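Per-entry structural report
Okay, here's what each chain looks like letter by letter:
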Amino acid sequence: MIVCIGAGPGDTGYLTQRGADLIRNADVVAGFDAVLNVVRELIPANAQVIGMGYRDQVAQLDKVAVEHHAGKRCVVVFMGDIHFSGFQYLERVERACGHPVESLPGISSAQILASRARVCFDETTFITFHRRGDLAPFKRHLVRVLEDQRNAIVIPCPWDEARSFMPWHIAAYLMEQGIPAHHPVEVWENLTRGEAEWHGTLAECAQHRCSDMSIMLIRTLAPMASQIEPAP
């Protein structure tokens, strides 16, 4: 058995009950070291723990696959929700195993942000740059989203300086593409820890520096009016 679990945005309070139960009963628990640290208290003392980073993830997932094919109960933990920003990692798990695997949804930082910022997803588009490969199509998509007068929740790309696309890069790019500099922006950090959010404009965001643990909300300039019935 092998199950991929969305472990929530850095706090076991946002881990589903089934996810917690699967971790408590696993023979093997694997994932990136930062995610394993979040669920460490749930991992059985006799379980094999297989940690990994970006550089050795393929080799370490091959080890997980060996244990899976040997009949062990294996759990691979993901930060947040698998299908919000971890789909490439899921593909690597399935490539290692040689077949599709079960996935258990988690709560993503995008969902927490939508709740705290009071925006709904039918008026909002989610875009993640936290991925390998060409970011250009996703950058163009973000421009179109804002031109279509929708909110955008954006996960930045925090990797090496040559490739990173952090909130200040995103703000500068959008202004270069003709998005108005006075567009309202919020940058939220460590959502589950209660840190204050940053508010400003695209122009101000281009000068604002934040940590890797950040997520953006770019609000539309034309919010949709409420469509519920008028108050009596």
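Residues numbered from 1 in each chain as written. Predicted model: local features only at pLDDT ≥ 70, side-chain atom pairs only at ≥ 80, totals over all residues. Heavy atoms only, no water.

Under an unreviewed UniProt entry, the protein chain has the name Cobalt-precorrin-7 (C(5))-methyltransferase and belongs to [Empedobacter] haloabium.

1. Side note on the packing of aromatic side chains
Put simply, the test is: Working definition: rings of Phe, Tyr and Trp (its six-membered ring) pair if their centres are within 6.5 Å, and the pair is stacked with planes under 30 degrees apart, edge-to-face with planes over 60 apart, and tilted otherwise. Only protein chains enter the area calculation, which uses a 1.4 Å probe; residues under 20% of their type maximum are buried, those over 50% are exposed, and those in between are partly exposed. Charge-over-ring placement is defined geometrically: NZ (Lys) or CZ (Arg) within 6 Å of the ring centre, and within 35 degrees of the ring normal.
All told, the structure shown has seven aromatic pairs when counted by the stated rule. Centre to centre, the rings of Phe 165 and Tyr 173 are 5.9 Å apart; their planes meet at 75°, and the pair counts as edge-to-face. Pair check on accessibility: Phe 165 and Tyr 173 agree, each one buried. Joined through ring pairs, the aromatic side chains of Phe 32, Tyr 54, Phe 78 and Tyr 89 make up one cluster. Seen from the ring of Tyr 54, Arg 132 lies directly overhead, with NZ or CZ sitting 5.2 Å from the centre. Between Lys 139 and the ring centre of Tyr 173, over which it is positioned, the NZ or CZ distance is 5.7 Å.

2. Overview of the sheet that holds strand β5 (residues 102-104)
Our working definition: For two strands to be treated as a pair, DSSP must find no fewer than two bridges joining them. Here a helix means four or more residues in a row that DSSP labels H or I, a strand means two or more in a row labelled E, and each is numbered from the N terminus. Think of each axis as a best-fit line through the C-alpha atoms, taken over the contacting stretch in the case of a helix, with angles from 0 to 180 degrees between the N-to-C directions. Only heavy atoms matter for contacts: two residues are in contact if any of them lie within 4.5 Å across the pair.
In space, the five strands of this open sheet follow the order β3-β2-β4-β1-β5, with parallel pairing throughout. This sheet does not close on itself; its edge strands, each paired only once, are β3 (48-52) and β5. Pairs of neighbouring strands in the sheet enclose a mean axial angle of 20°, with direction left out of account. When strand β2 (residues 28-32) meets β3, the two strands line up parallel, connected through five bridges. Residue pairing in the sheet places Val 28 in a bridge with Gln 48 of β3. Strand contacts of helix α5 (residues 87-97): β1 (2-6), β2, β3 and β4 (74-78), with the helix running at about 160° to β4, the strand carrying the most contacts.

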